[in-house]
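# Notes for the structure review
The lines below spell out each chain.
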Amino acid sequence: MGAAQLGPIRRADARPQVIKRLLDLLHQAKAHGCDLVVFPELALTTFFPRWWMEDQREVDAFFEREMPGPETRPLFDEARRLGVGLCLGYAELTIDGNEVTRRFNTSILVDQGGRIIGKYRKIHLPGHEEHEPCRAFQHLEKRYFEVGDLGWGVWPAFGGLMGLCICNDRRWPETYRVMGLQGVEMVLLGYNTPVHNPPAPEHDLLANFHNRLSMQAGAYQNGTWVVGVAKCGREEGCDMIGQSQIIAPSGETVAMCTTLGDELCVARCDLDLTRSYKETVFNFARHRRPEHYRLIVDRTGAIPPA
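Because the structure is predicted, anything quoted here is derived from the model rather than measured.

## Overview of the sheet that holds strand S6 (residues 154–157)
Spatial ordering of the open sheet is given by S6-S7-S8-S9-S12-S13, a layout of six strands whose pairing is mixed. In this open sheet, the two edge strands, each paired with only one partner strand, are S6 and strand S13 (253–256). Going from strand to strand, the sheet's axes swing by 20° on average, the running direction of each strand aside. As judged from the three bridges shared by strand S12 (residues 245–247) and S13, these two strands associate in the antiparallel manner. Residue pairing in the sheet places isoleucine 247 in a bridge with threonine 253 of S13. Along the sheet, helix H5 (residues 173–180) makes contact with S6, strand S7 (160–166), strand S8 (186–191) and strand S9 (225–230), crossing S7 at roughly 155°.

Dropping the structure here:
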């Protein structure tokens, strides 16, 4: 398993420039014997929701209308040639039969033959949708993306059960639990996470801790591997966290990147290690009590008792 971290991508970088970097990491993964390599959220572009843009054509230049398309095809072709699967995050634009355009923050799972076998669209969109010029940078995911409509799927692949989520999803326990209830054995996720959180700057020094905490808890509480991969470093003046890592079902990090640039970290991931957790402490069929969990799905905001 390879976690293919990316350093900054400039706003002016063309797709072929970025694909070249992905191909280099893909070749490194092959050299290390990886069957699967995970790339970050929005791996093909800079993190464009940091800018307020009113021209929809300017926004749509960051979106992919087909996958693979002419510029991304070389990545799929080389993955097939090498026999390495991949997980890729990107901005997806779709137009349905009624000419309705929709935009999602998307991740796909590609098998070792270069075929797309799974797709996820980000559900927990962070940030805001109105212009806030007082910020050093914006976080306009709620403006540029719709809430994902595919749920959290799990797919049989790579000798196990693979699940997908994206960035802010990792902070919500429901994300992992929905996949855990489908028997997930490895969760693949990419993130672009700023160091600075304008609404709560007191969290800034805890950014790396919260990143590890959320993924390690999700892994342990669902008896699953978790592979979290960053786009990081100083991108267009915005610092983003790194620490891409591979986490075992025990909740222990077994491999982690140490830079804020393009870097591959690898680990041998035995999916059978999930069994000791799924069959004992977190034997859901034996221990869960969903009749007492109604508030989780019936209520969004917290309401104190009367």
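## Describing the sheet that holds strand S1 (residues 2–5)
An order of S5-S4-S3-S2-S1-S14 is seen for the six strands of this open sheet, with the pairing classed as mixed. Each edge of the open sheet carries a strand with a single partner, namely strand S5 (116–121) and strand S14 (263–266). On average, each strand axis in the sheet is inclined to that of its neighbour by 30°, with strand direction left out of account. Examined bridge by bridge, strand S2 (residues 36–38) and strand S3 (residues 85–95) share three bridges and lie parallel to one another. In the sheet register, valine 38 faces S3, and the bridge partner there is cysteine 87. Against the sheet, helix H1 (residues 15–31) touches S1, S2, S3 and S14, its axis set at about 25° to S14. Along the sheet, helix H3 (residues 73–82) contacts S3, strand S4 (101–110) and S5; its crossing angle with S3, the most-contacted strand, is approximately 150°.

## Some words on H3
When we look at burial in H3, the residues that qualify are Leu75, Phe76, Glu78, Ala79 and Leu82. Projected down its long axis, H3 carries its buried residues within an arc of 165°, all on one side. A positive backbone phi angle near 75° is found at glycine 83, which sits one or two residues after H3.

## Details of the environment of threonine 253
Within the fold, threonine 253 resides in strand S13. For threonine 253, a relative accessible area of 30% corresponds to the partly exposed category. The spacing of threonine 253 and valine 227 is 26 residues in sequence and 9.6 Å in space, taken between C-alpha atoms. Within the structure, threonine 253 has its side chain in polar contact with the side chain of glutamine 245 (distance 2.7 Å).

## Some words on the pairing of S7
Burial of S7 is extensive: six of the seven residues sit out of reach of the surface. Strand direction decides the pairing type here: S6 and S7, joined by four bridges, are antiparallel. Counted as the bridge partner of tryptophan 155 is methionine 162 from S7. Note: S7 against S8, five bridges, orientation parallel. Looking at S8, one finds that leucine 164 is bridged to leucine 188. Considered for its hand, the β-α-β crossover made up of S7, H5 and S8 is right-handed.

## Overview of the packing of aromatic side chains
Aromatic rings considered in pairs are described by the distance between their centres and by the relative angle of their planes. On inspection of all chains with the given rule, the structure shows eight aromatic pairs. Through a chain of ring-to-ring contacts, the aromatic side chains of Phe48, Phe62, Phe63, Tyr144 and Phe145 assemble into a single cluster. Above the face of the tryptophan 51 ring, arginine 50 is positioned so that its terminal group lies 5.4 Å from the ring centre. The positively charged end of arginine 121 is found above the aromatic ring belonging to phenylalanine 104, 4.2 Å away from the centroid.

## A short note on the nonpolar core
Core analysis: the largest hydrophobic core is formed by 44 residues, its most contacted members being Met1, Met186, Leu188, Leu189, Val226, Val227 and Ile246. Looking at this core, the elements that each hand over two or more residues are S2, S6, S7, H5, S8, helix H6 (207–222), S9 and S12. Residues Leu26, Val37, Val84 and Leu86 belong to the second largest nonpolar core, which totals 27 residues.

## Considering unusual backbone geometry
Cis rather than trans, the peptide bond between methionine 67 and proline 68 has omega equal to -5°. For proline 68, the location among the structural elements is in the loop between helix H2 (56–60) and H3. Positive phi outside glycine occurs at cysteine 167, with the angle close to 45°. Here cysteine 167 shows up in the loop between S7 and H5. Judged by relative accessible area, cysteine 167 falls into the buried class, the value being 5%. The backbone phi angle of glutamate 236 is positive, close to 50°, even though this residue is not glycine. Within the secondary structure layout, glutamate 236 lies in the loop between strand S10 (233–235) and strand S11 (238–240).

## Some details on the state of the cysteines
Tallying each qualifying case throughout the model produces zero disulfides. Of all cysteine sulfurs, the one in cysteine 165 lies closest to cysteine 167, which takes part in no disulfide; the gap is 9.4 Å. A disulfide-free cysteine, cysteine 269 has its sulfur positioned 8.9 Å from the sulfur of cysteine 34, the nearest such atom.

The rules we used
Residues numbered from 1 in each chain as written. Predicted model: local features only at pLDDT ≥ 70, side-chain atom pairs only at ≥ 80, totals over all residues. Heavy atoms only, no water. Pairing = 2+ DSSP bridges. Helix = DSSP H or I, 4+ residues; strand = E, 2+ residues; numbered from the N terminus. Axes fitted to C-alpha atoms, helices over the stretch in contact; angles between N-to-C directions. Contact = heavy atoms within 4.5 Å. Buried < 20%, exposed > 50% of the residue type's maximum accessible area, 1.4 Å probe, protein only. Arc of directions from axis to C-beta. Polar contact = N/O pair within 3.5 Å; in protein donor to acceptor, adjacent residues only side chain to side chain. Right-handed = clockwise from strand over helix to strand, strands pointing away. Phe/Tyr/Trp six-rings, centres within 6.5 Å; stacked < 30°, edge-to-face > 60°. Lys NZ or Arg CZ within 6 Å of the ring centre and 35° of its normal. Core = buried A, V, L, I, M, F, W, Y, C linked by side-chain atoms within 4.5 Å. Disulfide = S-S within 2.5 Å.

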